[in-house]
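# Fold and geometry: a report
Okay, here's what each chain looks like letter by letter:
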Amino acid sequence: MGKPITHKSILRNFGQKMQKVRQDKDITQEGLASILSMHRTYIGLIERGERNPTIRTLYKIAKALKVKSSDILPF
């Protein structure tokens, strides 16, 4: 049996996936934060799995990265 899925692991995995998509699109944390009208540190907190973004924020991130939300959610 594999490792249990924890809240922390979900946030960490999502953050890593979001970071990869952002970097693949050559967008900095600061650039993404500017598009989203959010603070750069909040983007970093999400990418490190230290914050749990709302569904609305997930939607805004996907739209800003020009991907489907399903592209950043599976991990």
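Residues numbered from 1 in each chain as written. Predicted model: local features only at pLDDT ≥ 70, side-chain atom pairs only at ≥ 80, totals over all residues. Heavy atoms only, no water.

### Thoughts on helix α3 (residues 40–47)
Side chains three or four residues apart in an α-helix point the same way, a direct result of the helix having 3.6 residues per turn. The test is simple: The cut-offs for exposure are 20% and 50% of the maximum accessible area for each residue type, with area from a 1.4 Å probe on protein chains only; residues under the lower value are buried, those over the upper are exposed, and the others partly exposed. Runs of E in the DSSP output that reach at least two residues are strands. Runs of H or I that reach at least four are helices, and both are numbered from the N terminus. In this description, contact between two residues means that some pair of their heavy atoms is separated by no more than 4.5 Å.
By the burial criterion, the buried members of α3 are Ile 43, Gly 44, Leu 45, Ile 46 and Glu 47. Among the structural elements, α1 (7–24), α2 (29–36) and α4 (55–65) are those in contact with the buried residues of α3. Following α3 by one or two positions, Gly 49 has its phi on the positive side, about 75°.

### Examining the side chain of Thr 57
Locating Thr 57 in the fold gives a position in helix α4. Given a relative accessible area of 10%, Thr 57 falls into the buried group. Discounting residues that sit within four places of it in the chain, Thr 57 has contacts with Met 38 and Tyr 42.

### Brief notes about unusual backbone geometry
In the Ramachandran plot, Asp 26 falls in the positive-phi region, its phi being about 55° despite a non-glycine side chain. Along the chain, the position of Asp 26 falls in the loop between α1 and α2. By relative accessible area, which is 72% here, Asp 26 ends up exposed. One non-glycine residue, Ser 37, lies in positive phi territory at about 55°. Examined against the element boundaries, Ser 37 turns out to sit in the loop between α2 and α3. We classify Ser 37 as exposed; its relative accessible area is 69%.

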